[in-house]
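What the coordinates show
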Amino acid sequence: MLLYVFIAVLMFGILIALHEFGHFVAAKACGVKVNEFAIGMGPLLVHKKGKETDYSLRWLPIGGFCAMEGEGEGESGDPRAFPNRPWWQRVIILLAGVFMNFLTGFLIILGLFSLNDHCALPVVGGFSDYGTAQEQGLEVGDRIVAVDGQRVYLINDIPMFLSRSVDAGVDLTVEREGERVELPDFRFACMVDAEGNIQDYMLGILTTTVPQTVPRLLQQSWYQAIDYVRMVWMGLGDLIGGRVGLRDLSGVVEITAMMAEMGQEGAQAAQAVGIPALLGAMVNILNFVAFISINLSVMNLLPIPALDGGQIFFMGVDGAYTAVTKKKLDPKYMNWVSTVGFALLMLLMLAVMASDILKRLGL
């Protein structure tokens, strides 16, 4: 178990380091002076002085940073300082970290999907003796394209949407011979285990499996990445709408623990079928890492101080203020908002971390 905890911590640190590497590459490409690029945090382990940038490897494998000239200072006399670059270059630099996390998640998904010779499509391939899907109007060959108006990209989208409408009918949209057919108040038969957990949301419906091809691999990988983005937005919607609370949020502690548990489960499942345990563990962990990586890219776009999206939002506010008043907004106001916002974000992270620990202690 300790091995998987270490791997989980390392993976989490790599994702943050890759995010900062995206900023670093974009900053260099845009001519911004980078004072230091570090992998890891804490005390120095290895340090190398470049032409103008210090490159360092630090003891704690929990991320990294890209320290650009003038960043967070508001003003700088250096024309190569981050605040003095054109707005579009600053936006590119800020978005580069987000792009790097999304790209990392997509490439991991692509690699994992390439291990499969076949893939399942959201197309009805037949029916078994369970359920009443056929009696409700579903036919062999129907492609399920939407559940309650939510587009279905992959076969796993269907149980995801059904899990949010347990014990209720859904409005099902299928594509049949090139035409859209609506099946309102459609009820899927579910299989429930002894503990009341649903094991099969589509009992009685056989899906279609087709050979994997390069175009299909790329399409399915892209759809999975888009699905992860959609899952993050759904989670944010649930949080804002009160469907979930602080207790349901997961921080670094819970994410690391979940990743380690998934690694252990993957190892056990692999050993049961004669596959090396570490391989099974890494497949499970990487699948979760892909989701977390894309999650980080989406969350960093939120207009919250201290996040990339917050900085872009402040740039927009500053631009609008300048356009109306013909004067630049005093940087100290931005710094105050950023400081307060960062403090609130840290308090939220600490609260979530405390909640994670309490949950792990069974409290």
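It should be emphasised that the depicted structure is a prediction, and the values quoted were computed from it without experimental measurement.

**Side note on the overall build of the protein**
Across its full length, the protein carries eight helices and 10 strands. Residue burial in the protein is summarised as follows: out of 363 residues, 41% are buried. In the protein, 63% of the contacts between residues at least 6 apart in sequence involve partners at least 24 apart. Accessible area for the protein stands at about 19800 Å²; split by element, carbon and sulfur atoms hold 64% of it. Taking the average place of the 25 positive charges on the side chains of the protein and the average place of its 36 negative ones, the gap between the two points comes to 13 Å.

**Looking at the pattern of salt bridges**
In the structure shown here, the tally under the stated rule is nine salt bridges. Arginine 176 is the partner of aspartate 142 in a salt bridge, and the nearest nitrogen-oxygen pair spans 2.7 Å. Here aspartate 142, found in the loop between strand 3 (118-127) and strand 4 (143-147), pairs with arginine 176, found in strand 6 (residues 170-176); they are 34 residues apart in sequence, far enough to count as distant. When sorted by exposure, aspartate 142 lands in the same class as arginine 176, which is buried. Three or more residues are tied together by salt bridges with common partners; here these are Lys28, Glu52 and Arg80.

**A word on the environment of leucine 286**
Tracing the sequence through the fold places leucine 286 in helix 6 (residues 277-299). Once the C-alpha coordinates of leucine 286 and glutamate 20 are considered, the two residues, 266 residues apart in sequence, prove to be 20 Å apart.

**Some remarks on the nonpolar core**
A general tendency of soluble globular proteins is for nonpolar side chains to be buried together. Core analysis: the biggest nonpolar cluster contains 29 residues, and Ile109, Met259, Val289, Ile292 and Ile294 have the highest contact counts within it. Secondary-structure elements contributing two or more residues to this core are helix 1 (2-29), helix 2 (87-113), helix 4 (214-241), helix 5 (252-272) and helix 6. Considering every element that reaches this core, the biggest residue donor is helix 6, with nine residues. Residue contacts for valine 289: discarding those within four places in its chain leaves Met11, Leu15, Ile108 and Met259.

Quick notes on the rules
Residues numbered from 1 in each chain as written. Predicted model: local features only at pLDDT ≥ 70, side-chain atom pairs only at ≥ 80, totals over all residues. Heavy atoms only, no water. Helix = DSSP H or I, 4+ residues; strand = E, 2+ residues; numbered from the N terminus. Buried < 20%, exposed > 50% of the residue type's maximum accessible area, 1.4 Å probe, protein only. Contact = heavy atoms within 4.5 Å. Areas by Shrake-Rupley, 256 points an atom, 1.4 Å probe, with all protein chains shown as cover. Lys, Arg positive; Asp, Glu negative; His and termini not counted. Charge placed at Lys NZ, Arg CZ, Asp CG, Glu CD. Salt bridge = Lys/Arg side-chain N within 4 Å of Asp/Glu carboxyl O. Core = buried A, V, L, I, M, F, W, Y, C linked by side-chain atoms within 4.5 Å.

By themselves, these observations are geometric and do not establish any function.
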